[in-house]
Amino acid sequence: AMSKSAVKISSDLLSNPLCEQEPAFLEMVTAFDTAMKRMDSFNQEKVNMGLGEEGETGVCWWFSSVFPSLNMAVKRREQTLQDYKRLQSKVEKYEEKERTGPVLAKLHQ
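Conventions adopted
- Residues numbered from 1 in each chain as written.
- Predicted model: local features only at pLDDT ≥ 70, side-chain atom pairs only at ≥ 80, totals over all residues.
- Heavy atoms only, no water.
- Helix = DSSP H or I, 4+ residues; strand = E, 2+ residues; numbered from the N terminus.
- Buried < 20%, exposed > 50% of the residue type's maximum accessible area, 1.4 Å probe, protein only.
- Contact = heavy atoms within 4.5 Å.
- Areas by Shrake-Rupley, 256 points an atom, 1.4 Å probe, with all protein chains shown as cover.
- Salt bridge = Lys/Arg side-chain N within 4 Å of Asp/Glu carboxyl O.

**Section: the overall build of the protein chain**
Stage number 1. Within the protein chain, the regular secondary structure consists of 6 helices and 0 strands.
Stage number 2. What you see in the protein chain, going N to C, is helices and strands ordered as α-α-α-α-α-α.
Stage number 3. For the protein chain, with 109 residues in total, the buried portion stands at 14%.
Stage number 4. Partitioning the intrachain contacts of the protein chain with sequence separation of at least 6 by distance along the chain shows that 28% fall at a separation of at least 24.
Stage number 5. Carbon and sulfur atoms form 59% of the exposed surface of the protein chain, whose accessible area is close to 9000 Å².

**Overview of the pattern of salt bridges**
Stage number 1. Within this structure, the stated rule accounts for 3 salt bridges.
Stage number 2. Residue aspartate 83 is joined to arginine 86 by a salt bridge in which the shortest nitrogen-to-oxygen separation is 3.8 Å. With aspartate 83 and arginine 86 both in helix H5 (residues 68-96) and 3 residues apart, the pair spans about one turn of that helix.
Stage number 3. According to the relative accessible area criterion, aspartate 83 is partly exposed, its value standing at 28%.
Stage number 4. Overall, the relative accessible area of 48% leaves arginine 86 in the partly exposed class.

**Focus: the environment of cysteine 19**
Stage number 1. By the element assignment, cysteine 19 lies in helix H2 (residues 17-21).
Stage number 2. In sequence terms cysteine 19 and threonine 30 are 11 residues apart; their C-alpha atoms lie 9.4 Å from each other.
Stage number 3. Once residues within four sequence positions are removed from consideration, cysteine 19 is found in contact with Leu13, Leu14, Phe25, Leu26 and Val29.

Structural measurements only, silent on function.
What follows is the structure, given as structure tokens:
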């Protein structure tokens, strides 16, 4: 979205009457416009490849079709991460409780 805004701004600058009066300004704005269009096309290519905001996910998806075992490894990693987060919240819950014998025993399991 930001690159689209930059392209719009550069296009608006190009249509500014000052560009007709000042060749140096026109040259700078043209260079800026070209750079913004390149950035936008690069961002669009990332989206088309499935990289989007979470670049790693799109790459893993593409590799999973090439290397099926990678798909299983990614699923195992996600499951392990969910297990870790669940256990971490359990530990935090026990740490917040009063430190009695049974709580300490559960905390150190």
